[in-house]
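Chain by chain, the residues run as shown.
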Amino acid sequence: INKQKRYANKSDEEFHVGVVAVSFIVEKDGVLDSVKVVQPLTEYYNNETMRIIKAMPKWKAATQNGKPVRTQFTLPIKF
């Protein structure tokens, strides 16, 4: 995630700007679904967070009794 982050400007990159939290469902096949910002920061950083999440590869699904299950996850991304 850190390698993918793009800052609005140099000063934001040097100083802690804030956190955007996103919530999503990890499907049984590892695909992310229902992605939404649950802790917004600014329009730029909210959009940047969505870009990063949508570019991620499939996740490994959670398991219950040895079988993959859908799981809701909230991920904070610090800028």
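In case you missed it, the structure is sitting above this.
Residues numbered from 1 in each chain as written. Predicted model: local features only at pLDDT ≥ 70, side-chain atom pairs only at ≥ 80, totals over all residues. Heavy atoms only, no water.

Colleague: Explain the pairing of strand 1 (residues 19-26) to me, please; I cannot follow it from the model alone.
Modeller: Along any regular strand the residues' side chains alternate between the sheet's two faces. Counting buried residues in strand 1 gives 7 out of 8 residues, a clear majority hidden from the surface. By the bridge criterion, 8 bridges tie strand 1 to strand 5 (residues 71-78) in an arrangement that is antiparallel. By the bridge assignment for strand 5, Ala21 is matched with Pro76. Pairing of strand 1 with strand 2 (residues 32-39) involves 5 bridges; the strand directions are antiparallel. Along strand 2, the bridge assignment pairs Val22 with Val37. Where strand 1 hands over to strand 2, the hairpin turn is made up of 5 residues, of which Gly30 adopts a positive phi near 90°. (Buried < 20%, exposed > 50% of the residue type's maximum accessible area, 1.4 Å probe, protein only. Helix = DSSP H or I, 4+ residues; strand = E, 2+ residues; numbered from the N terminus. Pairing = 2+ DSSP bridges.)

Colleague: Explanation requested: the nonpolar core in the structure shown.
Modeller: Across soluble globular proteins, you tend to see nonpolar side chains buried next to one another. Within the largest apolar cluster, 12 residues are counted, these being Val20, Val22, Phe24, Val26, Leu32, Tyr45, Met50, Ile52, Ile53, Leu75, Ile77 and Phe79. Those elements that provide at least two residues to this core are strand 1, helix 2 (43-54) and strand 5. (Core = buried A, V, L, I, M, F, W, Y, C linked by side-chain atoms within 4.5 Å.)

Colleague: I would appreciate a short explanation of the environment of Tyr7 in the present structure.
Modeller: On the secondary structure map, Tyr7 appears in the segment before helix 1 (10-14). Here Tyr7 falls in the partly exposed class, since its relative accessible area comes to 23%. The spatial distance from the C-alpha of Tyr7 to the C-alpha of Tyr44 is 8.7 Å, given a sequence separation of 37 residues. Excluding residues that lie within four positions of it along the chain, Tyr7 makes contacts with Asp12, Glu13, Tyr44, Tyr45, Lys78 and Phe79. (Contact = heavy atoms within 4.5 Å.)

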